[in-house]
Amino acid sequence: MDSEADEAGGQGSLMDWQGGAIFRPVRTGNAFEETVERILEALKLGVFGYGDRLPAERDLAARLHVSRETLREAIRSLQLAGCVESRRGRYGGTFVTYRLPPPDPDLGQLRRAVQDMGAELEDALTFRMVLETGASEQAARRALSAEQSAYLTRRLDELERSGPEEYRQLDSRFHLAIAELTGSRSLAAGVAESRMRLNDLLNAIPVLGRNIDHASEQHHAMVRAILDGDVEAARRVTEEHLEATAALLRGFLG
């Protein structure tokens, strides 16, 4: 894995941000289907973006606790679907070709999806609130290394430079980075799960300039609080940020 994955790690026990959040062991009897699902989650959440190389087959199979043959079948299926491509040679591997749909959602269809979710939507928003405020609080409690602090700052900088087409993916990547810096694989996996439950709905929110500016201020405040070790401020500003996003979601899709 690359150095960024190591930088996200906990002190004394290096965490792999990309693997810890998404590539946890497959636990069901449907190993092929769940392997496809896990890789797609990584692509949709922006853990791996367009052009990125996935972990080596040996490492990825070990993380998922599946056979290499099952992993190869999953990758072949994703390649047929146009999500990844395999390249041979010294610098070969499996590379991401998946791109998010353009930010032009069918709000009518998504409103119906919200109605179908019913109480599950509020459950998902509550689950996200509890996990992500707790993650920011716990990250602020930790004595982050210089490399870990730089890693978080770099994720914020990437988000700040993003265009509308990649904003939601890099936003997910930023929030997942905070969760990974807690040092808890379970918490990182939980945040990834909560993001996936809301992923299509969050992607349906139009990228509004005023909202992006406001979110940017909150993202900067979150990073400042975490790096300063201000636990109360980290929780408070994260809660304000998630409440604003939930309000937009309810407004557009309610």
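Conventions adopted
- Sequence order sets the numbering: in each chain, residues are counted from 1 along the sequence as written.
- Local features in this predicted model are restricted to residues of pLDDT 70 or higher, and side-chain atom pairs are both shown and tallied only at a pLDDT of 80 or more, whereas totals for entire chains, interfaces and linings draw on every residue.
- Side-chain metrics rest on all non-hydrogen atoms present in the structure, leaving aside hydrogens and water.
- Strands here mean DSSP runs of E at least two residues long; helices mean DSSP runs of H or I at least four residues long; both are numbered from the N terminus.
- Classification of residues uses two cut-offs on accessible area relative to the type maximum, computed with a 1.4 Å probe and protein chains only: under 20% is buried, over 50% is exposed, and between them is partly exposed.
- The contact rule is simple, with two residues in contact once any of their heavy atoms fall within 4.5 Å.
- Only the protein chains shown count as cover for residues, with accessible areas throughout obtained via the Shrake-Rupley method and a probe of 1.4 Å.
- Put simply, buried Ala, Val, Leu, Ile, Met, Phe, Trp, Tyr and Cys residues joined by side-chain atoms within 4.5 Å make one nonpolar core.
- Comment: axis = line fitted to C-alpha atoms, over the contacting stretch for helices; angle = value between 0 and 180 degrees taken between N-to-C directions.
- Oblique is the label for any angle not under 35 degrees, not over 145, and not in the 65 to 115 range, which are roughly parallel, roughly antiparallel and roughly perpendicular in turn.
- Working rule for handedness: look at the near helix, and if it is turned counterclockwise from the far one by less than a right angle, call the crossing left-handed; if clockwise, right-handed.
- For this document, the term salt bridge refers to a Lys or Arg side-chain nitrogen within 4 Å of an Asp or Glu carboxyl oxygen.
- Stacked, edge-to-face and tilted are the three classes for Phe, Tyr and Trp ring pairs, Trp counted by its six-membered ring, which pair at centre distances within 6.5 Å; planes under 30 degrees apart are stacked, over 60 edge-to-face, the rest tilted.
- Either the NZ atom of lysine or the CZ atom of arginine qualifies as a charge over a ring when it sits within 6 Å of the ring centre and within 35 degrees of the ring normal.
- Pairing between strands is defined by DSSP: at least two bridges between the two strands are required.

Just to check I follow, could you spell out the overall build of the chain for this structure?
In terms of regular secondary structure, the chain is built from 12 helices and 2 strands. Shown N-terminal to C-terminal, the secondary structure of the chain runs as helices and strands in the order α-α-α-α-α-β-β-α-α-α-α-α-α-α. The buried share of the chain, taken over its 254 residues, is 50%. Long-range pairs, those at least 24 residues apart, make up 73% of the contacts in the chain with a sequence separation of at least 6. With the model as given, the accessible surface of the chain reaches about 12,300 Å², and the carbon-plus-sulfur share is 47%.

Looking at this structure, how should I read the nonpolar core?
Across soluble globular proteins, you tend to see nonpolar side chains buried next to one another. Within the largest apolar cluster, 56 residues are counted, with the highest numbers of intra-cluster contacts made by Phe23, Leu43, Phe48, Leu71, Phe174, Ile178 and Ile226. Here Leu71 is in contact with Thr35, Ile39, Glu57, Leu60, Ala61, Leu64 and Val66, once residues within four sequence places are set aside. Counting residues in hydrophobic clusters, the runner-up holds 11 residues, among them Leu121, Ala124, Leu198 and Leu249.

Teacher, can you tell me more about the side chain of Asp171 here?
Structurally, Asp171 can be placed in helix α9 (residues 167–180). Among the residues examined, Asp171 registers a relative accessible area of 7% and is labelled buried. Those residues in contact with Asp171, other than ones at most four positions away along the chain, are Leu159, Arg195 and His219.

Can you walk me through the environment of Gly190 in this structure?
Along the chain, Gly190 falls in helix α10 (residues 185–204). With relative accessibility at 11%, the residue Gly190 sits in the buried group. Here the alpha-carbon distance between Gly190 and Arg128, two residues 62 residues apart in the chain, equals 8.7 Å. Those residues in contact with Gly190, other than ones at most four positions away along the chain, are Phe127 and Leu131.

What is the right way to read the packing of helix α3 (residues 31–44) against helix α5 (residues 68–80) from this model?
Packed helices, taken two at a time, are described by the angle between their axes plus the distance between the axes. Where α3 meets α5, the axes come as close as 9 Å, and the angle between the chain directions of the two elements is 55°. Taken together, the axes of α3 and α5 lie oblique to each other. Considering the relative orientation of α3 and α5, their crossing is right-handed. Listed contacts from α5 to Ala31, Phe32, Thr35, Val36, Ile39 and Leu40 of α3 are Thr70, Leu71, Glu73, Ala74, Ile75, Ser77 and Leu78.

So what exactly am I meant to see when it comes to unusual backbone geometry here?
Excluding glycine, most residues fall at negative phi; most peptide bonds, likewise, are trans. Positive phi values are uncommon outside glycine, yet His65 reaches one of about 60°. Within the secondary structure, His65 is located in the loop between α4 (57–64) and α5.

How should I be thinking about the pattern of salt bridges in this particular structure?
Opposite charge on two side chains makes pairing possible when the charged atoms of those side chains draw close. Throughout the structure, instances matching the rule amount to 15 salt bridges. The partner of Asp123 in a salt bridge is Arg197, with the nearest N and O atoms 2.8 Å apart. Linking Asp123 in helix α7 (residues 119–141) with Arg197 in helix α10, this pair joins segments that are 74 residues apart in sequence. By relative accessible area, Asp123 is classed as partly exposed at 43%. Exposure remark for Arg197: the relative accessible area of 27% places this residue in the partly exposed category. Among the ionic pairs, Arg141 bridges to Glu137, the shortest N-O distance being 3.6 Å.

How do you make sense of the packing of aromatic side chains when you look at a structure like this?
Think of a pair of aromatic rings as described by two things: how far the centres are apart, and how the planes are tilted against each other in angle. All chains considered together, the criterion is met by 0 aromatic pairs. One cation-aromatic arrangement involves Arg87 over Phe95; the distance from NZ or CZ to the ring centre is 4.0 Å. Geometry around Tyr50 places Arg99 over its ring, the cationic atom sitting 3.6 Å from the centre.

I'm lost on the pairing of strand β1 (residues 84–87) in this one. Help?
Taken together, the 4 bridges between β1 and strand β2 (residues 93–96) define a ladder with antiparallel strand orientation. Residue pairing across strands places Arg87 opposite Gly93, the latter belonging to β2. Linking β1 back to β2 in an antiparallel pair, the connection comprises 5 residues, with Gly89 at a positive phi of about 105°.

Keep in mind that these numbers describe shape and distance, not what the molecule does.
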